[in-house]
Amino acid sequence: MPRTRGIRTLLWITSTSLALAACGGGGGGGSSGSSSGSGNSVTLPQLITASLIVDVNGDGRNDILIGNGDNVNSSDLLLINNADGSLTAKANAFPPHFKGAYGTTVAFATGDFNKDGKTDVLAVTVDTTPGNYYGSSRIQLYLGNGDGTFTDASSNISHGLWPDATINSVAWPVWLRVADLDGDGFPDFIAVPAGGANPATPAFIYLNDGTGHFSPAQISITSGTQTSTSTALPNVANALIGDLDGDGRLDVMVTGSGQPIIAYLNRSTPGHLNFIAKASPSNGALAQSVLVNLNGDHVLHLIGTAGYSGSQTTTVPLYAYVNDGTGVFHEDETVFSTGQPGVVESRQLLAGDLTSSGRDSVFVADHGWDQSPFPGERSWYLKNDGAGHLADATASNFGTIPAYTHGAALGDLHGNGYIDVFMNNDTSTGLAASSQVPRFWKNDGKGNFTSYMPVIN
């Protein structure tokens, strides 16, 4: 399994093995440029609905997984990172996914699920067939062959097709969270539902049997003096994974509409999921959120938002919650040193050590109003000032041009140990949002970003 290093994507730590020599030039912060690139023989999809930066072939350079939202191709795209700074589209990297050309992948996660030393990929692919748009989905498992190609093992996931009459009525999971939750040495995953702020939506934990086969598990939850068993975590708008109480075990955090923030402190044993539920005094309908190491002390705090304002002209705020070290969170807006940010419809929050300081900064991908003609919205770059505060540094780095940024990925694409940014910007000219915001952004190591365009073959 690839090394992990200081990047969280709504929970979990995106795998990175540091990569690549410097790629092409690029203007200053907020500069514009084509995402297809001059002289490239491969054009990226106009709508990219998911991405992940990870070394898939074990050569020590991070590659890029891309979910194609154009309803043209029947499989996802893999860009292999070359030693000269270029990227190569790997032919037939992935097998055809759910619904073929009318399947759209909306989430990626990685791990070595069958313990063969090769990077495997989990994905959520939704049905975008006209008349059944996002009406069903499948959790896909692609086992890595070690050379940048993958074999479809989705049949290894029991109850991987959603909705499922046995376990849920939800059409699709919005995120997959990967971690060894029962301590048996094999990575498991949580399927987080696309329920928004609906408090009745459950999240399911799929346990790995040790051979790369998964099924939803029974979950024992102790709250106070009462212990109950359930097939799912209840009242979930979002779920994150991290060590919330400093005991070295990976815990689960859940937020829901009008519900307390709940830390499920992990007391599991191999094959058996056991959690102690600890509620925080702060409520919050946090549909999008991320755990953040603000102070370099490895105590995970929380940045989150309801995510969707319901209007083209209004925003909903981001909130900051400080962990007291035991998994109890208290709202503290002094974390935002330049004022409380607001989003129209945030698609994804990511955190990582972008300033090489041992402290996390936060990137918020906000694609704005999600209805025609898609006016788009600015994203937010909240840079850690080194003292545990987040300051808006968007304008001087990425610019504030309204775009349709459908998520992003963080990872070192240049082999220098610095975390770069790839944005899932929609470049369709049919949108009112700008089509000119670049996708590739290089970090100078101090958290300052410049756009660039690698050659893609």
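Residues numbered from 1 in each chain as written. Predicted model: local features only at pLDDT ≥ 70, side-chain atom pairs only at ≥ 80, totals over all residues. Heavy atoms only, no water.

(A) Molecular detail of the side chain of Asn238. The topology assignment puts Asn238 in strand 18 (residues 238-242). For Asn238, a relative accessible area of 1% corresponds to the buried category. A polar atom in the side chain of Asn238 sits 2.6 Å from the side chain of Ser289. Sequence-distant contacts of Asn238, defined by excluding residues within four places in its chain, comprise Trp175, Arg177, Val192, Met253, Val254, Thr255, Leu286, Ala287, Gln288 and Ser289. (Helix = DSSP H or I, 4+ residues; strand = E, 2+ residues; numbered from the N terminus. Buried < 20%, exposed > 50% of the residue type's maximum accessible area, 1.4 Å probe, protein only. Polar contact = N/O pair within 3.5 Å; in protein donor to acceptor, adjacent residues only side chain to side chain. Contact = heavy atoms within 4.5 Å.)

(B) The arrangement of the side chain of Asn443 in detail. Its location among the elements puts Asn443 in strand 33 (residues 440-443). Side-chain polar atoms of Asn443 contact the backbone oxygen of Ile419, separated by 2.9 Å. Look past the residues within four positions of Asn443 in its chain and what remains in contact with it is Leu354, Asn416, Tyr418, Ile419, Asp420, Asn448 and Phe449.

(C) Seen up close, unusual backbone geometry. The omega torsion across Trp162 and Pro163 is -5 degrees, close enough to zero to call that bond cis. In this structure, Pro163 sits in the loop between strand 11 (161-162) and strand 12 (173-179). The omega angle of the peptide bond from Ser372 to Pro373 is 5 degrees, so this bond is cis rather than trans. Inspection of the secondary structure puts Pro373 in the loop between strand 28 (361-366) and strand 29 (380-384). The phi dihedral of His159 falls on the positive side, at around 60 degrees, and the residue is not glycine. Looking at the secondary structure, you find His159 in the loop between strand 10 (150-152) and strand 11.

(D) Summary view of the pattern of salt bridges. For the structure shown, the criterion picks out six salt bridges. A salt bridge links Arg347 to Glu345; its shortest N-O distance comes to 4.0 Å. A single burial state applies to Arg347 and to Glu345, both of which are buried. Notably, a salt bridge pairs Arg347 with Asp370, separated by 3.7 Å at the nearest N-O pair. Here Arg347 is found in strand 27 (residues 346-352), whereas its partner Asp370 is found in the loop between strand 28 and strand 29, with 23 residues between them in sequence. For Arg347, a relative accessible area of 17% puts it in the buried group. (Salt bridge = Lys/Arg side-chain N within 4 Å of Asp/Glu carboxyl O.)

(E) Representation of the sheet that holds strand 5 (residues 77-81) in the model. Strands sit in the order 3-4-5-6 across an open sheet of four strands; the sheet is antiparallel. Since the sheet does not close on itself, it has two edges, and those belong to strand 3 (48-54) and strand 6 (87-89), each with one partner. Looking at each pair of strands side by side, their axes are set apart by 20 degrees on average, direction ignored. Looking at chain direction, strand 4 (residues 63-68) and strand 5 are connected through three bridges and run antiparallel. Opposite Leu65, over in strand 5, you have Leu78 as the bridge partner. (Pairing = 2+ DSSP bridges. Axes fitted to C-alpha atoms, helices over the stretch in contact; angles between N-to-C directions.)

(F) How the structure looks around the pairing of strand 3. Burial analysis of strand 3 places seven of its seven residues in the buried class, the great majority of the element. Across six bridges, the pairing between strand 3 and strand 4 is antiparallel. In the sheet register, Ile48 faces strand 4, and the bridge partner there is Asn68.

(G) Representation of the confidence of the model for the chain in the model. In the predicted model, the chain carries a mean pLDDT of 89, and 89% of its residues have values of at least 70. In this model, residues 1-6 is a region of pLDDT below 50 whose contacts with residues beyond four sequence positions or in other chains number 28 contacts. pLDDT under 50 marks residues 8-37. Its contacts with residues more than four places away, or in other chains, come to 139 contacts. (pLDDT = per-residue confidence, 0-100.)

(H) Focus on the environment of Thr119. Secondary-structure assignment places Thr119 in the loop between strand 7 (103-111) and strand 8 (120-127). Given a relative accessible area of 6%, Thr119 falls into the buried group.

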